[in-house]
Amino acid sequence: MAVLEIRTLPDPILRQKAKKVNRIDNSVRKLIDDMIETLRAEPNRAGLAAPQVGVPLRIAVIELPEHGLITLINPEVIKKEGERTVQEGCLSIPGYFGEIKRAVTVKVKAKDRYGKQFRLKAEELLAQALEQEIEHLDGILYIDHVESEDKLFEAAQEEEFAEGEESS
Ligand SMILES: [Zn+2]
């Protein structure tokens, strides 16, 4: 396994639409393992999408203490409900966080690393992470949802991020 370089803005790969994974082969599984290691090397994080490590494929990994590790291949949001204001950061936009609106609950379908289809209903931080990671696969970043400049904040020290401001 290897820790991969995380692409940051203005890297154009972050704005590309990622391609569907047709076959989950060893190279895909190796990429997933490297993404997990890359994610775990970051102190404040929730998830990572393949374009963030330079690979335009529809793959994301999320790891939160309460939920463990979730690998998503070709994920799709099938339902979103409610609206709440959250603070959000992104590993590809270091040093900033923003205040945006996210859904209260999110229902997602995806394949796991073995190609098994699953559905997941999530709320709170997991719902937020799912929304951000799946949007990454379409080249969308949380800053696109920041309504005005005064809702985007500079983080003096990323280590000082309060709970609930994990980057993904
Ligand atoms: Zn992100």
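Look a little higher up for the structure.
The rules behind the values
- Residues numbered from 1 in each chain as written.
- Predicted model: local features only at pLDDT ≥ 70, side-chain atom pairs only at ≥ 80, totals over all residues.
- Heavy atoms only, no water.
- Helix = DSSP H or I, 4+ residues; strand = E, 2+ residues; numbered from the N terminus.
- Buried < 20%, exposed > 50% of the residue type's maximum accessible area, 1.4 Å probe, protein only.
- Polar contact = N/O pair within 3.5 Å; in protein donor to acceptor, adjacent residues only side chain to side chain.
- Phe/Tyr/Trp six-rings, centres within 6.5 Å; stacked < 30°, edge-to-face > 60°.
- Core = buried A, V, L, I, M, F, W, Y, C linked by side-chain atoms within 4.5 Å.
- Contact = heavy atoms within 4.5 Å.
- Salt bridge = Lys/Arg side-chain N within 4 Å of Asp/Glu carboxyl O.

J.: Explanation requested: the side chain of Asp11 in the structure shown.
T.: Note on placement: Asp11 falls in the segment before helix H1 (26-40). By relative accessible area, which is 19% here, Asp11 ends up buried. At a separation of 3.0 Å, a polar atom in the side chain of Asp11 contacts the side chain of Arg7.

J.: Help me understand the packing of aromatic side chains in this model?
T.: The description of two aromatic rings rests on the distance between their centres and on the angle between their planes. As enumerated under the stated definition, the model contains one aromatic pair in all. Between Phe97 and Phe153, the aromatic rings sit 5.3 Å apart at their centres with planes inclined by 35°, giving tilted as the arrangement. Of the two residues, Phe97 is situated in strand S5 (residues 96-102) and Phe153 in strand S8 (residues 152-154); the sequence distance between them amounts to 56 residues. With a relative accessible area of 13%, Phe97 lands in the buried category. Residue classification places Phe153 among the partly exposed residues on the basis of a relative accessible area of 29%.

J.: Whenever I open this one, the nonpolar core confuses me. Can you help?
T.: Soluble globular proteins tend to pack their nonpolar side chains together in the buried interior. With 20 residues, the main nonpolar core has Ile62, Leu64, Leu72, Val108, Leu126 and Leu130 as its most contacted residues. Elements represented by at least two residues in this core include exactly strand S2 (59-64), strand S3 (68-81), strand S6 (105-111) and helix H2 (124-136). Broken down by element, the residue count for this core peaks at six residues, all from H2. Once residues within four sequence positions are removed from consideration, Val108 is found in contact with Leu72, Pro75, Glu76, Val77, Ile78, Phe118, Arg119, Leu120, Leu130 and Ile134. By size, the runner-up hydrophobic cluster in this structure holds 15 residues, among which are Met35, Val53, Ile59 and Ile73.

J.: Sorry, what's going on with the pattern of salt bridges here?
T.: For the structure on display, the rule yields 16 salt bridges. Taking the shortest distance from any N to any O, the salt bridge between Glu81 and Lys79 comes out at 4.0 Å. Judged by its relative accessible area of 39%, Glu81 falls in the partly exposed class. Residue Lys80 is joined to Glu131 by a salt bridge in which the shortest nitrogen-to-oxygen separation is 3.2 Å. A residue pair is termed long-range when its members are at least 10 positions apart, and Lys80 in strand S3 and Glu131 in helix H2 qualify at 51 residues. Since its relative accessible area comes to 6%, Glu131 is described here as buried. A network of salt bridges, in which partner residues are shared, links Lys80, Glu88, Arg102, Glu131 and Glu135.

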